Amino acid sequence: MELSQGESFPRNLEKISKTKNIPQNTKKIRAVALVSGGLDSAIAVKLIIDQGIDVYAMTFHSPFCTCSSGGCSAAIFAEKLEIPIKHVSKDDDYLRLVKNPKFTYGKNINPCIDCRIHILKRAKDYMNEIGAQFIITGEVLGQRPKSQMIRALKTIENEAGLAGRILRPLSAKLLVPTIMENEGIIDRSLLLDIQGRRRNIQVELGRNFNLIEQYCAGGGCRLTDKNFANRLRDYFYFTENPKMADMKFLRIGRHFRHQGLKFIVGKNQDENIKLKTWASSTDVLIETKDVSSPMTLIFKPKKQDDLILPAQITLRYSDTEENTNYMEVFSNNSDFKNFSLEKSPNIEEIIKEYRI
Ligand code: SF4
């Protein structure tokens, strides 16, 4: 196995992967584990279960997660490791934090340090609720540039009020011993010293622990995506009270803003149905009549003229070959009516100008 600079293969790997339920404590100690559905957190949990600790998993969901809905692999891991799991949704408080982070953003609109603090504070509440003594994470030193460097880890711990109470089993040997290691609750010699972005050690451990098939390799965060970040910045700029419920719109369609008016043009049948279902009573939907056409959702238009530019763009993405087309309008407001429309000769420039 080839290791990159800064990575070392744990000498105790074999011992660790074969160790089963080492009886460390007569009275069982509890810990809360943050699990994501990724391999790192599952391995971290397994290492600590094998030290005789009662582990309670906790997983967070949000529209920013690129995993499939329903908690990705986190629930499957919990079942496999035979531990309880608590599912938590990130709420509007979280969204406010994304809008105004105390610390800086990463490359796009990902406020990783604030995000970790937020999650850990909620894990701390759960820890107190169930009488647990510490928190486990699958963080690996140096794996992420912002939130997983030594200084950031320290800041996050302190801000969350959890100094010395966060155990990171995958990199623990490279970090200052935690309270649990100092008190002998956790055997530091069975923890690891992984660092960096390569994942060969985790994959090997995953195989040894029989966890490799479940993990979610595609898991990620939309806040790190440039296009999603542009849409979210636009949303924040025009929205006084951001709502998590609105985030579903940012995940689909082609987005445009023209003179403050926002509209989304569906990309396929599935998105057209979603737009139709999600539209509120003050929104208006339009499509090109009699040909295959995207559904376009216009948020709170004030007058019939507000429909013209969205309709031009809808025509551009429809299958029409006609110059003059009939647009069908769906609205609770009878002031908005069906209309006919000529194709615009400058449609590509218009799209470039107003696309978010
Ligand atoms: S990548 Fe996303 S989910 Fe992960 S810490 Fe950063 S903001 Fe939070």
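The coordinates are above.
Residues numbered from 1 in each chain as written. Predicted model: local features only at pLDDT ≥ 70, side-chain atom pairs only at ≥ 80, totals over all residues. Heavy atoms only, no water.

A.B. asks: Would you take a moment to explain the overall build of the chain for this structure?
C.D. replies: Within the chain, the secondary structure is distributed over 13 helices and 11 strands. Taking all 356 residues of the chain together, 51% fall into the buried category. (Helix = DSSP H or I, 4+ residues; strand = E, 2+ residues; numbered from the N terminus. Buried < 20%, exposed > 50% of the residue type's maximum accessible area, 1.4 Å probe, protein only.)

A.B. asks: Mind showing me how you'd approach the site of the ligand here?
C.D. replies: Close to the ligand lie Tyr-94, Asn-110, Pro-111, Cys-112, Cys-115, Arg-116, Arg-144, Cys-221 and Thr-224. The biggest single contributor to the shell around the ligand is helix H5 (residues 112-130), with 3 residues. Looking at side-chain class alone, the shell around the ligand contains 5 nonpolar, 2 polar and 2 charged residues. (Near = heavy atom within 4 Å. Nonpolar A, V, L, I, M, F, W, Y, C, P; charged D, E, K, R; others polar.)

A.B. asks: What is the right way to look at the pattern of salt bridges in this model?
C.D. replies: Pairing of side chains with opposite charge becomes possible as their charged atoms draw close. Taken as a whole and judged by the stated rule, the model has 14 salt bridges. One salt bridge in this structure joins Glu-181 and Arg-188, with 2.6 Å as the shortest N-O distance. Among the residues examined, Glu-181 registers a relative accessible area of 9% and is labelled buried. Judged by its relative accessible area of 25%, Arg-188 falls in the partly exposed class. The salt bridge involving Arg-316 is made with Glu-348; its shortest N-O contact spans 2.7 Å. On the criterion of sequence distance, the pair formed by Arg-316 in helix H12 (residues 308-316) and Glu-348 in helix H13 (residues 347-354) is long-range, its members being 32 residues apart. For Glu-348, a relative accessible area of 41% puts it in the partly exposed group. One continuous salt-bridge network, built from bridges that share partners, spans Arg-116, Glu-139, Glu-157 and Arg-168. (Salt bridge = Lys/Arg side-chain N within 4 Å of Asp/Glu carboxyl O.)

A.B. asks: Could you clarify how one ought to interpret the sheet that holds strand S10 (residues 324-330) in this entry?
C.D. replies: In any sheet, the strands associate via hydrogen bonds between backbone groups, in a parallel or an antiparallel arrangement. Reading across from one edge, S6-S7-S9-S8-S10-S11 is the order of the 6 strands in this open sheet, with antiparallel pairing throughout. Where the open sheet ends on each side, the last strands, each with one partner, are strand S6 (254-258) and strand S11 (339-342). Within this sheet the neighbouring strands show an average axis-to-axis angle of 30°, counted without direction. Bridge count between S6 and strand S7 (residues 261-265): 5 bridges; the pairing is antiparallel. Residue pairing for S7: Arg-254 is matched across the bridge by Val-265. (Pairing = 2+ DSSP bridges. Axes fitted to C-alpha atoms, helices over the stretch in contact; angles between N-to-C directions.)

A.B. asks: Help me understand the sheet that holds strand S5 (residues 166-167) in this model?
C.D. replies: Across the sheet, 5 strands lie side by side as S3-S2-S1-S4-S5; this open sheet has parallel pairing. On the outer flanks of this sheet lie strand S3 (85-89) and S5, each paired with one strand and no other. Where strand S2 (residues 54-61) meets S3, 5 bridges bridge the pair, whose relative direction is parallel. Within S3, the residue paired with Thr-59 across the bridge is His-87.

A.B. asks: Help me understand the packing of aromatic side chains in this model?
C.D. replies: All told, the structure shown has 7 aromatic pairs when counted by the stated rule. Considering the side-chain rings of Phe-64 and Phe-228, the 5.8 Å spacing of their centres and the 80° angle between planes classify their relative orientation as edge-to-face. Highlighted residues: Phe-64 in the loop between S2 and helix H3 (74-81) and Phe-228 in helix H9 (residues 226-238), separated in sequence by 164 residues. Just as Phe-64 is buried, Phe-228 falls in that class too. When the centroid spacing of 5.2 Å and the interplanar angle of 85° are considered together, the rings of Phe-249 and Phe-299 count as edge-to-face. Here the residue Phe-249 occupies a position in helix H10 (residues 247-250), and Phe-299 occupies one in the loop between strand S9 (296-298) and H12, the gap between them amounting to 50 residues. Grouping aromatic residues by their ring pairs yields a cluster made of Phe-64, Tyr-94 and Phe-228. (Phe/Tyr/Trp six-rings, centres within 6.5 Å; stacked < 30°, edge-to-face > 60°.)

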